[in-house]
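Structure at a glance
In case you want the letters, here they are:
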Amino acid sequence: MTRKPFLLILTVTLLLTGCSRDIPGTAVTAAGPGPGSASNGDGQCATVTAPLADIPAVGAGEPQLRIPVPSGWQRNSLMDSRIIRFAIVAQGLASGGFAPNAVVTLESVPGSQDAEDVFEQNRTNLVEMMGAFDLTTESNSTCGYPSETTDYTAPAMGPAPERPIVMHAVVAETGRTTYLATLTIQAADDENPTYQRDAREIVEGFQMLPPGR
């Protein structure tokens, strides 16, 4: 995976969290199936209470991505691009001018790539480019695809304070392309019980499915 896109992720993180009162937001239409649905046909996707929002694909053959949208979280399209695909912000949970947010990105490289190699490079980028520290990683699966969830601490940057971040990464190979989807969620006050509940639901319910599902 190339390193340049991770600079874009860092940029959108600062823009979305640094000044919560200045972020325009719109309500999300949750188009995905509700709780109890086995969207991938194999029953391998976790089910959550929050409705799911479909994340529109940019290129042909891309996997379908869906994200749970708990009550109080709003869509923010300020930094949408071919890499940054979706962001939601919880203005009502802002602390010290810092609004909790979840950002979804999608990258791809031609050919078959080993998932563990992709995950390792992804974590290396966090440390070398963002200065992340105290990383702890748990391997898991998302809708049958290999995934991992990494908790880490990001240093203070501009208006963003030092803060804990959760990054959930999923790797899928479709056709002759390997895709890496990342869901990054963060808040200044991760002890807030509402944020903890919402963050857990967003991460656990994130979906990556074959194209067209």
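Read on for an overview of the structure. (Residues numbered from 1 in each chain as written. Predicted model: local features only at pLDDT ≥ 70, side-chain atom pairs only at ≥ 80, totals over all residues. Heavy atoms only, no water.)

Quick notes on the pattern of salt bridges
Where charged atoms of side chains with opposite charge meet at close range, the side chains can pair. The criterion, for reference: Any carboxyl oxygen of Asp or Glu within 4 Å of a side-chain nitrogen of Lys or Arg constitutes a salt bridge here. We count a stretch as a helix when DSSP gives it H or I for four or more residues in a row; a strand needs E for two or more, and each element gets its number in order from the N terminus. Burial classes follow relative accessibility: with a 1.4 Å probe on protein chains only, a residue under 20% of its type's maximum area counts as buried, one over 50% as exposed, and anything between as partly exposed.
Taken as a whole and judged by the stated rule, the model has five salt bridges. Glu-62 is paired through a salt bridge with Arg-85; the nearest N and O atoms lie 2.8 Å apart. Here Glu-62, found in the loop between strand S1 (52-55) and strand S2 (64-68), pairs with Arg-85, found in strand S4 (residues 84-89); they are 23 residues apart in sequence, far enough to count as distant. The two residues Glu-62 and Arg-85 agree in class, both being buried. A salt bridge links Glu-148 to Arg-123; the nearest nitrogen and oxygen atoms lie 2.8 Å apart. Note that Glu-148 is positioned in strand S7 (residues 145-154) and Arg-123 in helix H2 (residues 115-130), a separation of 25 residues in sequence. In this structure Glu-148 comes out as buried when scored by relative accessible area, which is 2%. With a relative accessible area of 22%, Arg-123 lands in the partly exposed category.

Things to note about the sheet that holds strand S10 (residues 207-209)
What counts is decided by this rule: Pairing between two strands is assigned when DSSP locates at least 2 bridges connecting them. Helix axes are fitted only over the stretch in contact, all axes being lines through C-alpha atoms; the angle between N-to-C directions runs from 0 to 180 degrees. Throughout, a residue-residue contact means that at least one pair of heavy atoms, one from each residue, lies within 4.5 Å.
In spatial order, the strands read S1-S2-S10; together these three strands make up an open sheet with antiparallel pairing. What marks the edges here is a single partner per strand, and that holds for S1 and S10. Shown here is a sheet whose adjacent strand axes are inclined to one another by a mean of 25°, direction ignored. Relative to S10, S2 runs antiparallel, the two being bridged by three bridges. The partner of Gln-64 across the bridge, within S10, is Leu-209. Of the strands in this sheet, S1, S2 and S10 are in contact with helix H3 (residues 193-205), which crosses S2 at around 160°.

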